[in-house]
There are 2 protein chains.
Amino acid sequence: MPPSEVRIWGLEGMPEINPGDNLCETILAALRQRSGTTDTEAPRRQVDSSDAWVRPGSILVVAQKVVSKAEGRLVDLETVRPSVQAQEWASRHDKDPRMVEAVLRETKRVVRMDRGVLISETHHGFVCANAGVDASNAPKGTVVLLPEDPDRSARELRSDLEEALKVELAVIISDTFGRPWRQGLTNVALGVAGLAPLVDYRGKVDFYGRPLRATVLAVADELAAAAELVMGKTLGIPVVVIEGFQYQPGSGSGRELIRSQEDDLFR
Amino acid sequence: MPPSEVRIWGLEGMPEINPGDNLCETILAALRQRSGTTDTEAPRRQVDSSDAWVRPGSILVVAQKVVSKAEGRLVDLETVRPSVQAQEWASRHDKDPRMVEAVLRETKRVVRMDRGVLISETHHGFVCANAGVDASNAPKGTVVLLPEDPDRSARELRSDLEEALKVELAVIISDTFGRPWRQGLTNVALGVAGLAPLVDYRGKVDFYGRPLRATVLAVADELAAAAELVMGKTLGIPVVVIEGFQYQPGSGSGRELIRSQEDDLFR
């Protein structure tokens, strides 16, 4: 692969994920199937990277939905008793009051509650519709919450995968969020492990030798967005591998991508 | 290339762009150099896509900066007479009043003017810092404005490239914008030609056969973000080619990505 080339491929053959499933084992099984071997010990023996199931330095982008489901972050709506606030708002906007209640429980601060849209700041600090609570791709009568700590989810998955595959990797847990000013949703990084999510070009110089304007790039969000191109919404590809991107290794954290209220001119 | 694989490569060898340069010819020269041929007529004869300089269905993502420079969208700060408003704000925040004036001229509406940061809605409708006016990678004493009509720039470049290369392509003109709530900048699409910038999954069903929640994905922004991973800020790679993404052909327009004020809960 030439130096300035990035390759993005979707991991096909991932089964439906259920609470308690081991996500690492499921990913390994799909990688094994892809490599065409039945030898479960193969990755442990691969010191030569050329026949590795995943190239060293790859980034695995994993859709939040499968992480949440494996971690059991499902709520059975039958068990939810909506508050008066949830009931009032739900009836005004033709929503399920139990769904509204589930959203409010995941909400630290309501950012907007207008025209039937509920934008929350979650307990993690993410600002998104419905606090990330979602009924699509969830068993009937249930909704899926965001992972409790997406960074921890990313760290654990990375550690398990690295141990099994014997290569250095980074992991991003991604979800699809809307944003102000621009139409359409894009994938962003909720949890990060093994790479620096922000790359700081400040102090570097341009073609003319002059310092670049303040430029800190959110590469983890760009990687998540790139992965979404292969995931699609209906393709059933929740795991995507990105090869060839020269990331800055680091402990990393999705929290670095959250703009604090004091820093944000738009809250 | 497997079906669910996307390949992103940077076009090396692009020279510095100056006003009046023909961007299409410059890109063709760099593609020719990459293919290792001196035969300038080669692409016209390529009916077999396997030895095409660019695969059919590729997307060229071009940094706004080189488009603006080729189009002569440079302002010599010596010629700018700052208004009283520009002078006052500049002196309060230790800015060049001529730069502030250049920004205000590109501004339809000041969104925020706070803590030394000027967020504008441009005449196109983009919301970004300094109305996209930027001194980095510009000759000393000048600043670069956004293209007058990025969609037109994209359409013209696409048409010229398609005629020369005899393959179907899409073109995105990209720039790096900040956003509320999240740290770091990401690349977005300003101008689009040949692809639908938004992909609408509404009405499609999930794994359980239930309709997906309202999901319209801003794929043009995700493509721009993916391209930035290869561009870098200091690498001098203003043109990136994305292969393998099954886009929806269409006339397309970057304007579709602009959320109207009435639709936007955050203005």
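Residues numbered from 1 in each chain as written. Chains lettered and ligands numbered in written order. Predicted model: local features only at pLDDT ≥ 70, side-chain atom pairs only at ≥ 80, totals over all residues.

Here we look at the overall build of chain A
Along the backbone of chain A there are seven helices and 12 strands. The buried share among the 267 residues of chain A stands at 48%. Considering only contacts in chain A between residues 6 or more positions apart, those separated by 24 or more positions represent 61%. (Helix = DSSP H or I, 4+ residues; strand = E, 2+ residues; numbered from the N terminus. Buried ≥ 20, exposed ≤ 12 C-beta atoms within 10 Å, placed from the backbone. Contact = placed C-beta atoms within 7 Å.)

Comments concerning the sheet that holds strand β2 (residues 58-63) of chain A
The 10 strands are arranged β9(A)-β8(A)-β2(A)-β12(A)-β1(A)-β1(B)-β12(B)-β2(B)-β8(B)-β9(B) in an open sheet whose pairing can be described as mixed. Lying at the two open borders of the sheet, with one neighbouring strand each, are β9 (186-193) of chain A together with β9 (186-193) of chain B. For this sheet, the mean angle separating the axes of adjacent strands, direction not counted, is 25 degrees. Relative to strand β8 (residues 169-177) of chain B, strand β2 (residues 58-63) of chain B is paired through six bridges, and the arrangement is parallel. (Pairing = 2+ DSSP bridges. Axes fitted to C-alpha atoms, helices over the stretch in contact; angles between N-to-C directions.)

Comments concerning the sheet that holds strand β5 (residues 117-122) of chain A
All names here are of chain A. Reading across the sheet, the three strands line up as β4-β5-β6 and stay open at both edges, with antiparallel pairing between neighbours. The strands lining the two open edges of the sheet, one partner per strand, are β4 (107-114) and β6 (127-129). Adjacent strand axes in the sheet meet at a mean angle of 25 degrees, parallel and antiparallel pairs treated alike.

Let's talk about the interface of chain B and chain A
With 64 residues of chain B at the contact, the number on the chain A side is 64 residues. Those elements that provide at least two residues to the side of chain B that touches chain A are β1 (5-10), β4 (107-114), β5 (117-122), β9, β11 (216-217) and α7 (219-231) of chain B. Of the residues in the side of chain B that touches chain A, the class split is 32 nonpolar, 11 polar and 21 charged. Direction of pairing for strand β1 (residues 5-10) of chain A relative to β1 of chain B: antiparallel, over a ladder of five bridges. The residue bridging I8 of chain A from the neighbouring strand is V6 of chain B, located in β1 of chain B. (Nonpolar A, V, L, I, M, F, W, Y, C, P; charged D, E, K, R; others polar.)

Some points on the nonpolar core
With 157 residues, the main nonpolar core has I172, L223 and I242 of chain A together with I172, L223 and I242 of chain B as its most contacted residues. Beyond its immediate chain neighbours, meaning those up to four positions away, L223 of chain B contacts L229 of chain A together with I59, V61, I172, A189, I242 and F245 of chain B. (Core = buried A, V, L, I, M, F, W, Y, C linked by C-beta atoms within 7 Å.)

Quick notes on the domain arrangement of chain A
All names here are of chain A. Looking at chain A, the domain boundaries give domain 1 (7-64 + 147-257) and domain 2 (74-144). Taken together, the contact between domain 1 and domain 2 spans six residues of the former and six residues of the latter. Partitioning the side of domain 1 that touches domain 2 into residue classes produces three nonpolar, one polar and two charged. (Domains from an automatic or database assignment.)

Observations concerning the relation of the copies chain B and chain A
In the superposition of chain B on chain A (RMSD 0.0 Å, axial shift 0.0 Å), the rotation amounts to 180 degrees. Taken together, the turn and the small shift mark the pair as related by a two-fold rotation axis. Both copies contact each other with a shared surface, as 100% of the interface residues of chain B are interface residues in chain A too. (Least-squares fit on C-alpha atoms with pLDDT ≥ 70 in both.)

Some remarks on unusual backbone geometry
Positive phi, normally seen in glycine, also occurs at D94 of chain A, with a value near 55 degrees. Residue position: D94 of chain A is located in the loop between α4 (84-92) and α5 (97-105).

Quick word on the packing of helix α7 (residues 219-231) of chain A against α7 of chain B
Here α7 of chain A crosses α7 of chain B at 125 degrees, and the two axes come no closer than 8 Å. Taken together, the axes of α7 of chain A and α7 of chain B lie oblique to each other. Both α7 of chain A and α7 of chain B take part in a crossing whose hand is left-handed. The segment α7 of chain A lies against α7 of chain B, with V219, E222, L223, A225, A226, E228 and L229 of chain A engaging V219, E222, L223, A225, A226, E228 and L229 of chain B. Looking at side-chain class alone, the contact of α7 of chain A with α7 of chain B contains 10 nonpolar, no polar and four charged residues. (Parallel < 35°, antiparallel > 145°, perpendicular 65-115°, else oblique. Left-handed = near helix turned anticlockwise from the far one by under 90°.)

Section: the pairing of β9 of chain A
Residues and elements named next belong to chain A. Among the eight residues of β9, eight are classified as buried, and the element is accordingly described as predominantly covered. Bridge analysis of strand β8 (residues 169-177) against β9 gives seven bridges, and the strand direction is antiparallel. Note on β9: the bridge partner recorded for I172 is V192.

Comments concerning the packing of helix α4 (residues 84-93) of chain B against helix α5 (residues 97-105) of chain B
Residue and element names in this part refer to chain B. Across the interface, α4 lies against α5 with an axial gap of 8 Å and an inter-helix angle of 125 degrees. Looking at the two axes, α4 sits oblique to α5. As α4 packs across α5, the resulting crossing turns out to be right-handed. Residue-level contacts link A86, Q87, W89 and A90 of α4 to P97, V100, E101 and L104 of α5. Of the residues that constitute the contact of α4 with α5, the class distribution is six nonpolar, one polar and one charged.

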